[in-house]
Amino acid sequence: MTNCRDEHVACVTGHPEQELHTMIDSPVAPASGRDSFRADGDYENLIGGRWRPAAGGFDAIDPSVGEAWAVLPESTPADVDDAVRAAQAAFPAWSRTSAEQRQLVLLAIADRFEQHGAAFAPLLATENGRPIREAFAGDIPTVSAIFRFFAGVIRAHHGDHVPVSDPHSLVYTVREPLGVIAVILPWNSPLITLANKLAPILAAGNTAVVKPSEYASASVLEFLKLIEDLLEPGVVNVVCGHGAVGAALSSHLDVAKITFTGGPATARLILGNAALALTPALMELGGKGAMIVAEDADLDRAVHDALTGIYMANGEACIASSRLLLHDRIYDDFVHEFVRVADSIRLGDATDPATELGPLVSSRQLSLVQEHLATAREDGVGFLTSGAAPSGPGFFQAPVMIADDDGSSRIARNEVFGPVTVAERFSDYSDAVQRANSTRYGLAAGVWTKDLARAHTIAGSLKAGMVWVNKWFDLPAGMPMGGVGDSGFGRETAEQTLDEYSATKSVNIDLGAPRAQMWAAQTH
């Protein structure tokens, strides 16, 4: 999704061959790509409209080459407190702006990023290994689309008249902003996830303190540099750093709500902090997406979508198609074509437009993925792809497809967050649905079939916040995104997201109702 959430990509759909050709012919050359984003000195936090250095810093590592390329600020609890106070100070004025004024700001942000967004593609490739062709085709246009969507729906976000039985009462509701929102971001799709959160937060009249991932802070800082003149000081603040910064922010007593994209383990830590202050939260977490492929599926399209679903974003996506439940009748043909393409995928430097699969975000993430593969070998599953990664620097993992007929291995249940998928066999559809629902995750799932009744039946039976039919990885602005179970709670990217960042106030007006005689000493 990234941090999942990444996973929030306007992906290659419709005419994949044409779109892939456009991406590969992108104008950014490898040499210019890596050097196109270089900060003038160390990066700084944004607090109260001012760029402020932190007491310490840490290196940003380019995962394609394993080398430091920038220095990011390591914030302190005092920096976090200053950022929250700046957001508090900006809240009264921003919350009183009209929906029309906020709409114009969001549209201006969308226009600004659309004009300059292409320059962010090499930055995304450099900081977290996102192949530059994907950044051009997915991340950049999606950010502007999200801001435009919320600019559109904010004018229709309002309270209601409430009919009541008493003719002497007028009851209505209004929607009011919450206050300061703590935004804790993932590393896998930092700009899309930022847009998913910041656009509705601002649209609803809130202010924000953003804590980017330590693996993907530069893109967030550069985005705020690009748009800072469009916002009043303190409306959006950014504090960078490691886990202690997120802990200070999520436990701050003056934060009105927390929104987080990432893994369930970190979410539980954040919710533990939030509980002390009874701070509500929106959680967009991990997944173990199951694709059920029926015997009547269009195999060419199903294989294409399965490949895109697991290898796009280097497999570092919470909505990745990391489980493939394949009907016995098509299993062999599906696996043969999938493996043929997977073994030919071009691994390489993420800034190279010809690269189809980039590096994982860090050496730590590579180690975690390899640990999952080691447990799979212990469980005795078969490896269908070559899995050979290039030698040399960088944090590369080649595409992997694992065969586990009954889905009993640990890797078929646990989120890997890398380019690894598991192929399972089934012959009975109820068994396939039961297996798809057998994990604690419930974010994304899908079914490939030409049978309309089967499609509706399976879609209704899958325990997931999002179900695709004959497609995958398609998340247009306006489609609610979120899950159940260990995949979190709350919904993003939709009109109802504005309710996540506002509260209902009920107003009950007396229109002259008679009073009953209740107190002997009181006369009327």
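Residue numbering note: each chain is counted from 1, following its sequence as written. Under the rules for a predicted model, residues below a pLDDT of 70 receive no local features and side-chain atom pairs below 80 are neither given nor counted, while totals for whole chains, interfaces and linings still include all residues. Values shown for side chains rest on all heavy atoms present in the structure; no hydrogens or waters enter the calculation.

**Quick notes on the nonpolar core**
- Counting residues in hydrophobic clusters, the biggest one holds 62 residues, and the most contacted among them are Phe-147, Phe-150, Leu-202, Phe-223 and Leu-224.
- The numbering of helices and of strands both runs from the N terminus, where a helix is a DSSP run of H or I of at least 4 residues and a strand a run of E of at least 2. The dominant element in this core, judged by the number of residues it contributes, is helix 6 (residues 132-153), at 11 residues.
- Whether two residues touch is decided by their heavy atoms; if any such pair falls within 4.5 Å, the residues are in contact. Residues in contact with Leu-202, not counting those within four places in the same chain, are Trp-94, Arg-102, Leu-106, Ile-109, Leu-231, Val-235 and Val-236.
- By size, the runner-up hydrophobic cluster in this structure holds 41 residues, among which are Met-291, Leu-324, Phe-338 and Met-401. As used in this record, nonpolar core signifies buried Ala, Val, Leu, Ile, Met, Phe, Trp, Tyr and Cys residues forming a set joined through side-chain atoms within 4.5 Å. Working definition: with a 1.4 Å probe on protein chains only, accessible area under 20% of the residue-type maximum means buried, over 50% means exposed, and in between means partly exposed.

**Some words on the environment of Val-174**
- With respect to the secondary-structure elements, Val-174 resides in strand 6 (residues 169-177).
- Non-local contacts of Val-174, meaning those with residues more than four positions away in its chain, are made with Gly-159, Ala-503, Thr-504 and Lys-505.

**Notes on the sheet that holds strand 19 (residues 466-469)**
- For two strands to pair, DSSP has to find at least two bridges joining them. With respect to topology, seven strands assemble into an open sheet ordered 14-15-16-13-12-18-19, the strand pairing being mixed. Where the open sheet ends on each side, the last strands, each with one partner, are strand 14 (382-383) and strand 19.
- Bridge count between strand 15 (residues 400-403) and strand 16 (residues 420-426): four bridges; the pairing is parallel. Across the sheet, Val-400 pairs through a bridge with Val-420, a residue of strand 16.

**Quick word on the pairing of strand 4 (residues 67-74)**
- Pairing of strand 3 (residues 56-62) with strand 4 involves seven bridges; the strand directions are antiparallel. In the sheet register, Asp-59 faces strand 4, and the bridge partner there is Val-71.
- From the end of strand 3 to the start of strand 4, which pair antiparallel, there are four residues, and Gly-66 there has a positive phi angle of about 70°.

**Digging into the environment of Arg-329**
- Inspection of the secondary structure puts Arg-329 in helix 12 (residues 328-342).
- Arg-329 sits 35 residues away from Ala-294 along the chain, and the two C-alpha atoms are 8.6 Å apart.

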